[in-house]
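# Chain and residue survey
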Amino acid sequence: MRPLLLKGHERSLTQVKYNREGDLIFTVAKDKEASVWYSFNGERLGTFSGHGGTIWSIDVDQKSELLLTGSADFSVKLWNVSNGENVFTWSCVSPVRRVEFNPSNDKFLAVMDAVMGHKGDISVFNINKETPTKQDEEPILVIPTYEGLERVSVAGFSYLGKYIIAGHQDGTVSKYDAKTGEFINSVKVHEGLVTDLQFSEDRTYFITSSKDKSSKILDVDNLNILKKFESDSPLNSAAITPLKNFVVLGGGQEARDVTTTAANQGKFEARFYHKIFEDEIGRVKGHFGPLNYIAIHPKGTGYASGGEDGYVRVHNFDKSYFDFKYDVEITAEAAAASKENNQD
Ligand SMILES: *[C@@H]1O[C@H](CO)[C@@H](O)[C@H](O)[C@H]1NC(C)=O
């Protein structure tokens, strides 16, 4: 499994996304340009220039026509993927931490950071797909940070765009009606900042990652914790593979938090866990700093990681990987069976 190394960003990666087909990878970083690359050979197709600060988040629509970026420059920008043009800019009240289209791509949400007296919120905007240069500047819905909870760090839409699920700085996950913004419930899931929240393919459940070194899978309908994965370093990202029962976690201790670089070695790896049995089954090395984001190919045939080191590493799984996964499943099932037998 020889990775492709995408070099082009000058600073730490913040988010990495495949398009629906998986042939393109969109990346954003602490520099001010978004990039698009071919996933099969790592060639850069183009850049999207116009932001005045760190771009925290990116999302592409189902048809790979329109692209959204959310930035520390207090704006969300809409881009034409095919020619790289910035077709619209929404001015926002604070830095934008996350952007995501709803499943039907006629709306998007933007997570507004809490700064300078603004408590932070989730704003939902309409998208005019017919004439992308003409958009309503005002959000159709603003969900303020719920009373008693700390700021929202990440958010996304559930199946059918029915709910908005949010992760908070205090480790809470909360749920809202996506049409009315009504608060439905919240659960304390982590002991620290929720750093990522990615949905399963059908968006009926999702995975979180946290600075508390753990990752959890929750179901959308009840916010029950279904699975948990323990790591030995703070986590920045977690993703679910669609093809087999795996999750991939990424993170690592930042250099300023540790005394020696030797202590860091081996910490900057993508961690594979079995989704059902919750045990760690493999690691993939490569980055020279924490992994800030993990994206899985929509068909489950590979993944891309964005690093603090400024690189994106794209892994297209080869046949031995799939054989390996098969073996591991068999082994894990055998282990579970023998455990049961021992209890008898
Ligand atoms: C993007 O630009 C191309 C070429 O200029 C144009 O044909 C296409 O309609 C634009 N797409 C959108 C979604 O505006």
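Further up the page is the structure itself.
Everything quoted here is computed from the prediction, not taken from an experiment. (Residues numbered from 1 in each chain as written. Predicted model: local features only at pLDDT ≥ 70, side-chain atom pairs only at ≥ 80, totals over all residues. Heavy atoms only, no water.)

Let us look at the layout of surface pockets. In this structure, the largest pocket spans a volume of roughly 990 Å³. Going through the elements one at a time, strand S2 (13-18), strand S6 (55-60), strand S10 (96-101), strand S18 (194-199), strand S22 (235-240) and strand S26 (291-296) are the ones with two or more residues in the lining of the largest pocket. Looking at the lining of the largest pocket, the element that brings in the most residues is S10, giving four residues. Across the lining of the largest pocket, the residue classes break down as 17 nonpolar, ten polar and eleven charged. The computed volume of the second largest pocket comes to approximately 540 Å³. Taken together, 20 residues line the second largest pocket, and the ones lying closest to its centre are Trp56, Arg97, Leu193, Thr195 and Asn236. Put simply, the parts of the chain that give the lining of the second largest pocket at least two residues each are S2, S10, strand S14 (152-157), S18 and S26. For the lining of the second largest pocket, the leading source of residues is S2, giving three residues. Broken down by class, the residue content of the lining of the second largest pocket amounts to six nonpolar, six polar and eight charged. (1 Å grid on protein atoms, 1.4 Å probe; cavity = no way out; pocket = protein on both sides within 12 Å on 5 of 7 lines; lining within 4 Å. Points joined across faces, edges and corners; volume = space filled by probe spheres on them. Helix = DSSP H or I, 4+ residues; strand = E, 2+ residues; numbered from the N terminus. Nonpolar A, V, L, I, M, F, W, Y, C, P; charged D, E, K, R; others polar.)

We now examine empty space enclosed by the protein. Taking a probe equal in size to a water molecule and rolling it over the atoms shows the remaining empty space. Within this structure, the stated rule accounts for one cavity of 30 Å³ or more. Counted as a void, the largest cavity has a volume near 30 Å³. Lining the largest cavity, in full, are Ala270, Val284, Lys285, Gly286, His287, Leu291, Tyr303, Ser305, Arg313 and His315. At the level of elements, strand S27 (302-307) and strand S28 (312-316) are the ones that each hand at least two residues to the lining of the largest cavity. Here the residues of the lining of the largest cavity sort into four nonpolar, four polar and two charged.

Where burial is concerned, most of S2 is hidden: six out of the six residues are buried. When S2 meets strand S3 (residues 24-29), the two strands line up antiparallel, connected through five bridges. Opposite glutamine 15, over in S3, you have valine 28 as the bridge partner. Linking S2 to S3, which pair antiparallel, is a turn of five residues; within it glycine 22 sits at a positive phi near 90 degrees. (Buried < 20%, exposed > 50% of the residue type's maximum accessible area, 1.4 Å probe, protein only. Pairing = 2+ DSSP bridges.)

Among the six residues of S6, five are classified as buried, and the element is accordingly described as predominantly covered. Note that S6 and strand S7 (residues 66-71) share five bridges and pair antiparallel. Pairing of isoleucine 55 across the sheet is with serine 71, part of S7. Hairpin connection of S6 to S7: five residues between the antiparallel strands, including serine 64 at a positive phi of 55 degrees.

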